[in-house]
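Descriptive structure summary
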Amino acid sequence: KETKLAVANALRYFPTEHHAKLAPEFAEELKTRGHIYMERFRPRYTMKAYPIDKYPAKTVQARAIQVMIMNNLDRDVAQFPYDLITYGGNGSVLSNWAQYHLLMKYLSEMDEDQTIAMYSGHPMGLFPSHPEAPRVVITNGMVIPNYSSREDYDKNYALGNTIYGQMTAGSYCYIGSQGIVHGTTITL
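Reference entry: report on the structure contained in this document.

About the cut-offs
- Residues numbered from 1 in each chain as written.
- Predicted model: local features only at pLDDT ≥ 70, side-chain atom pairs only at ≥ 80, totals over all residues.
- Heavy atoms only, no water.
- Salt bridge = Lys/Arg side-chain N within 4 Å of Asp/Glu carboxyl O.
- Helix = DSSP H or I, 4+ residues; strand = E, 2+ residues; numbered from the N terminus.
- Axes fitted to C-alpha atoms, helices over the stretch in contact; angles between N-to-C directions.
- Parallel < 35°, antiparallel > 145°, perpendicular 65-115°, else oblique.
- Left-handed = near helix turned anticlockwise from the far one by under 90°.
- Contact = heavy atoms within 4.5 Å.
- Nonpolar A, V, L, I, M, F, W, Y, C, P; charged D, E, K, R; others polar.
- Expected span 1.5 Å × (residues − 1).
- Buried < 20%, exposed > 50% of the residue type's maximum accessible area, 1.4 Å probe, protein only.
- Polar contact = N/O pair within 3.5 Å; in protein donor to acceptor, adjacent residues only side chain to side chain.
- Pairing = 2+ DSSP bridges.
- Phe/Tyr/Trp six-rings, centres within 6.5 Å; stacked < 30°, edge-to-face > 60°.

A few words on the pattern of salt bridges. Counted under the stated rule, the structure contains nine salt bridges. Linking Glu2 and Lys155 is a salt bridge whose minimum nitrogen-to-oxygen distance equals 3.1 Å. Of the two residues, Glu2 sits in helix 1 (residues 2-11) while Lys155 sits in helix 5 (residues 150-158), which places them 153 residues apart along the sequence. Close ionic contact of Glu39 with Arg44 constitutes a salt bridge, the shortest N to O distance being 3.9 Å.

This is the structure:
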């Protein structure tokens, strides 16, 4: 039952004519890896922070976010880049590669009067806003205390319902361990 739900959650990113081909592949990935990363859709280009003018976005703010995302997934920065995990064993940028492509598409299309809403890695869409509004509003790991054990998180992560963005991975602003140490020190 939960495998079917996880596969259905993954298939929401694709037109129905592709479901018959993708469903068995996603089920196998869930079975062998414990999560559907959609490896077939991982970009084959080198994932790194390119100069900002190399990104195909309409606004400098959107291009800056694209730089940050690709920096977080750089093989020299990320702990498990092919799994979209920047650090800490589970500090996710996104849940799967379809989300990556969808988010980069939205960022490329975004005007200065739009904001992207992100829900635990899932790009909810472009919404009307204004030039002074945030370009991206992000929420990660939204669970209530009665369902916040590690077992609950692992289940919801496998289902594609949530990610744990850690302190900076899920907000695309990881700059290395020095940033985490600095942020933790200031917090304490």
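Here we take up the packing of helix 1 against helix 2 (residues 19-33). Working note: a packed helix pair is described by the angle between its axes plus the distance between those axes. It is the contact of helix 1 with helix 2, at a shortest axis distance of 9 Å, that shows an interaxial angle of 125°. Our classification of the angle between helix 1 and helix 2 gives oblique. The hand of the helix 1/helix 2 crossing is right-handed. Note on element contacts: helix 2 touches helix 1 through His19, Leu22, Ala23, Phe26, Ala27 and Leu30, opposite Thr3, Ala6, Val7, Ala10 and Leu11. Across the contact of helix 1 with helix 2, the residue classes break down as nine nonpolar, two polar and no charged.

Our focus in this paragraph is helix 4 (residues 97-109). Its 13 residues place the ends of helix 4 19 Å apart at the C-alpha level, agreeing with the 18 Å of an ideal helix rising 1.5 Å per residue. For helix 4, the complete set of buried residues consists of Trp97, Ala98, Gln99, Tyr100, Leu103, Met104, Tyr106 and Leu107. Two to three positions downstream of the cap, the backbone nitrogen of Ala98 sits 3.0 Å from a side-chain oxygen, assigning the N-cap of helix 4 to Asn96.

Bringing the pairing of strand 4 (residues 122-128) into the picture now. Bridge count for strand 3 (residues 114-119) against strand 4 is six bridges, and the pairing is antiparallel. Looking across to strand 4, one finds that Gln114 is bridged to Pro128. Adjacent in sequence and paired antiparallel, strand 3 and strand 4 are bridged by two residues, among which Ser120 carries a positive phi angle near 45°.

Attention shifts here to the packing of aromatic side chains. Within this structure, the stated rule accounts for six aromatic pairs. Ring centres of Phe14 and Phe26 lie 5.9 Å apart, and the angle between their planes is 45°; on these two criteria the pair is classed as tilted. Highlighted residues: Phe14 in the loop between helix 1 and helix 2 and Phe26 in helix 2, separated in sequence by 12 residues. The interplanar angle of 75° and the centroid separation of 5.4 Å between the aromatic rings of Trp97 and Tyr100 together place this pair among those described as edge-to-face. With a gap of three residues between them, Trp97 and Tyr100 both fall in helix 4, about one helical turn apart. Judged by relative accessible area, Trp97 falls into the buried class, the value being 2%.

These values are about where atoms sit, not about what they do.
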